[in-house]
Amino acid sequence: MLRLTTQRQVILEELSKVTSHPTANELYDLVRKRLPRIGLGTVYRNLELMADNGMILKIEVGGTQKRFDATTENHYHIRCAECGKVDDLDIPVLNNLVAQAAATTSYQIIGHHVEFTGTCPACQQRLAREQAAQ
Ligand SMILES: [Zn+2]
Ligand SMILES: [Zn+2]
């Protein structure tokens, strides 16, 4: 188990306060308000360590910035294809998906990730305005 230093505790507290799945940079801005001397590299390293130890969740999808989540139990995400915003999706985890996968592979399944892609309400409005202006 990773030792909970003051820095890690502050990072965890700030991450727990938001539901926006912040990037390392966004978290750095929050953490810096409480620990003015902390560096971006330190925040980054601690986030990676905490994710490796299962204290937080790292959300990584090809080509996009890593985002972090204080909710570690499996849950599903929806990402805006326009602005990259990530929200939680409040639907039950599909455990029968794991059973189906397990039945068709000799892999030992340890988990699964589901991410939906969409256009967030703010981007829908922006796109509608842009279209109306044309
Ligand atoms: Zn958006
Ligand atoms: Zn989440």
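Residues numbered from 1 in each chain as written. Chains lettered and ligands numbered in written order. Predicted model: local features only at pLDDT ≥ 70, side-chain atom pairs only at ≥ 80, totals over all residues. Heavy atoms only, no water.

A tally of regular secondary structure across the chain gives five helices and five strands. Written out in order from the N terminus, the α and β elements of the chain read α-α-α-β-β-β-β-α-β-α. Across its three principal directions, the C-alpha atoms of the chain cover 55 × 45 × 25 Å. The buried share of the chain, taken over its 134 residues, is 28%. Looking at the chain alone, contacts between residues at least 24 apart form 47% of all its contacts between residues at least 6 apart. Here the chain has roughly 8900 Å² of accessible surface; of this, 52% comes from carbon and sulfur atoms. (Helix = DSSP H or I, 4+ residues; strand = E, 2+ residues; numbered from the N terminus. Buried < 20%, exposed > 50% of the residue type's maximum accessible area, 1.4 Å probe, protein only. Contact = heavy atoms within 4.5 Å. Areas by Shrake-Rupley, 256 points an atom, 1.4 Å probe, with all protein chains shown as cover.)

This brings us to the pairing of strand S3 (residues 76-80). Counting buried positions over the five residues of S3 gives four, a clear majority of the element. Alignment of S3 against strand S4 (residues 86-89), held across four bridges, turns out to be antiparallel. By the bridge assignment, Ile-78 is partnered in S4 with Asp-87. Connecting S3 to the next strand, S4, in antiparallel fashion are five residues, including Gly-84 with a positive phi near 85°. Here four bridges tie S3 to strand S5 (residues 115-118), and the two strands are oriented parallel to one another. Each bridged residue has a counterpart across the sheet, and for His-77 the counterpart in S5 is Glu-115. (Pairing = 2+ DSSP bridges.)

To continue, consider the coordination of the zinc ion (ligand 1). Listed as protein donors to the zinc ion (ligand 1) are Cys-80 (SG), Cys-83 (SG), Cys-120 (SG) and Cys-123 (SG); their distances from the metal cover 2.3 Å. Look at where the donors of the zinc ion (ligand 1) fall in the sequence and you get C-x2-C-x36-C-x2-C. Looking at Cys-80, the relative accessible area reads 4%, which means it is buried. The class of Cys-83 is partly exposed, set by a relative accessible area of 44%. (Donors = N, O, S within 2.8 Å, 3.2 Å for Na, K, Ca; no water.)

A few words on the sheet that holds S5. If you walk across this open sheet you meet the three strands as S4-S3-S5, and the pairing is mixed. On the outer flanks of this sheet lie S4 and S5, each paired with one strand and no other. For this sheet the average axis-to-axis angle between neighbouring strands, irrespective of direction, equals 30°. (Axes fitted to C-alpha atoms, helices over the stretch in contact; angles between N-to-C directions.)

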